[in-house]
Amino acid sequence: METRGKSRPSRKALLWLGLGVALLTAGVVALFVARNADGKGTRTTASAPGSAKKMAAKKDAAKEGTPSAPVEVSVVRRGGIDTWLETTATLEARNSAVIVARRQGQVMALPAEEGQWVERGAVLARLDDTEARLAAEHAELALEAAKREEERAAKMQTEGYLSSKEWDDIQLRSRTAKIELEQARYGLSQTTIKAPFAGRVVERSINLGETVAPGQSCFRLLEFNPVRARLYFPERELERVHVGQDAELVLDAQPGRIYPARVALVNPVVDHSNGTFKVTLEAPNPAGSLRPGSFARVRLRTGSFADALLVPRRGVLTEDGERYVFVARGDTVVRAVVSLGAVEGDDAQILAGLAAGDRVVTIGQGGLKSGARIKVTSF
């Protein structure tokens, strides 16, 4: 009995405790539902148009927050441009000769020295001419005697005291004496070594007092004006090259100085081993500043365009074989595919894809995409 009496208050307490927990749970749920209805449901249904505007505003703000890429732009302009073929070559003398002795003799004089400019026919060396001079004098006397004999025989022939055979023999001896004199004089002339053309002595291989033999090398002579350059171009360029075209030479030893030249010869035969043809240039060299053996960079003009669309070549990009530029439109850029023509120096000719007055990005275009924001500046 005592045990039951003690347990009754405990059950009532538990009952009241459960009822309180249930009421508390119901209140929390009601509060959550109310908040959910006010925070989500009402805002979603009643404020849907305002939400779209806010989202658009956020996008605009994000866009305005994107930094603009600093770039430099250039205006597409019209101007003149040339097409060129470029290569390298070694300069050569137009004429080069190794001058040899034509007869034996001791070197008696050397009027010419290495590095000296000589005119055509100038004496380079003199050999001992004693023997040749005596031979020429002997031939002169023989011819004089033959002429006198011919004169006497002519009178006898007229008077009928000389047969036709005797007359023919006398005339033959006279002609023979004349030829022997010419040979002797020619031999005498070979004791003087002369320049066959105007040029510069670049080598002297004999010395004073030396006895030279026939065929021995004595001098090397080069003609410096004009100089020549032999070029080789692929067969596909054959139709673009012709005699008389202008060219330019630039020497590494003389940077910044341009020498004019012209095409003197075009070989129409294509070398089957490498598919090239030979072109010979000539460059005037009155001052002798162009030297045979010098290395030269050559530009050969093959065409000229007076009214071409031009852009700086640094503004043209290439990707997968396609050339394109970025054209400024307000504060953004668009990608434009272009077709290139002639390229000269910093300029490139545009055949298609742009118009005069377009603004092309020339610096800072490396990371751009179509629609990207830009800020035009100067670098």
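In what follows, the structure referred to is the one given above.
One structure accompanies this document, and this report is about it.

How each quantity is defined
- Residues numbered from 1 in each chain as written.
- Predicted model: local features only at pLDDT ≥ 70, side-chain atom pairs only at ≥ 80, totals over all residues.
- Heavy atoms only, no water.
- Helix = DSSP H or I, 4+ residues; strand = E, 2+ residues; numbered from the N terminus.
- Contact = heavy atoms within 4.5 Å.
- Pairing = 2+ DSSP bridges.
- Expected span 1.5 Å × (residues − 1).
- Buried < 20%, exposed > 50% of the residue type's maximum accessible area, 1.4 Å probe, protein only.
- Salt bridge = Lys/Arg side-chain N within 4 Å of Asp/Glu carboxyl O.
- Core = buried A, V, L, I, M, F, W, Y, C linked by side-chain atoms within 4.5 Å.

By the secondary structure assignment, Gly371 is in the loop between strand S19 (359-363) and strand S20 (374-376). Excluding residues that lie within four positions of it along the chain, Gly371 makes contacts with Thr332 and Val333.

Our next topic: the pairing of strand S7 (residues 199-204). Note that strand S4 (residues 117-118) and S7 share two bridges and pair antiparallel. Bridge pairing in S7 links Trp117 to Arg200. With four bridges connecting them, S7 and strand S9 (residues 217-234) associate as antiparallel partners. Paired with Glu203 across the bridge in S9 is Arg220.

Our focus in this paragraph is helix H4 (residues 164-189). An ideal rise of 1.5 Å per residue puts 38 Å on 26 residues; H4 measures up with 38 Å between its terminal C-alpha atoms. Looking at H4, one finds that the buried residues are Trp167, Ile170, Ser174, Ala177, Leu181, Ala184 and Gly187. Among the structural elements, helix H3 (130-159) are those in contact with the buried residues of H4.

Turning next to the pattern of salt bridges. Tallying each qualifying case throughout the model produces 22 salt bridges. Among the ionic pairs, Arg148 bridges to Glu144, the shortest N-O distance being 2.9 Å. You can see Arg148 and its partner Glu144 sitting in helix H3, four residues apart, about one turn around the helix. Taking the relative accessible area as the measure of exposure, Glu144 reaches 37% and is therefore partly exposed.

Ranked by size, the top nonpolar core spans 22 residues in total, and within it Leu231, Leu249, Val279 and Leu281 carry the most contacts. For Leu249, the residues in contact, after removing those within four places along its chain, are Leu91, Arg257, Ile258, Tyr259, Ala261, Leu281, Ala283, Arg297 and Val298. With 18 residues, the next largest nonpolar core counts Ile193, Val212, Phe219 and Leu221 among its residues.

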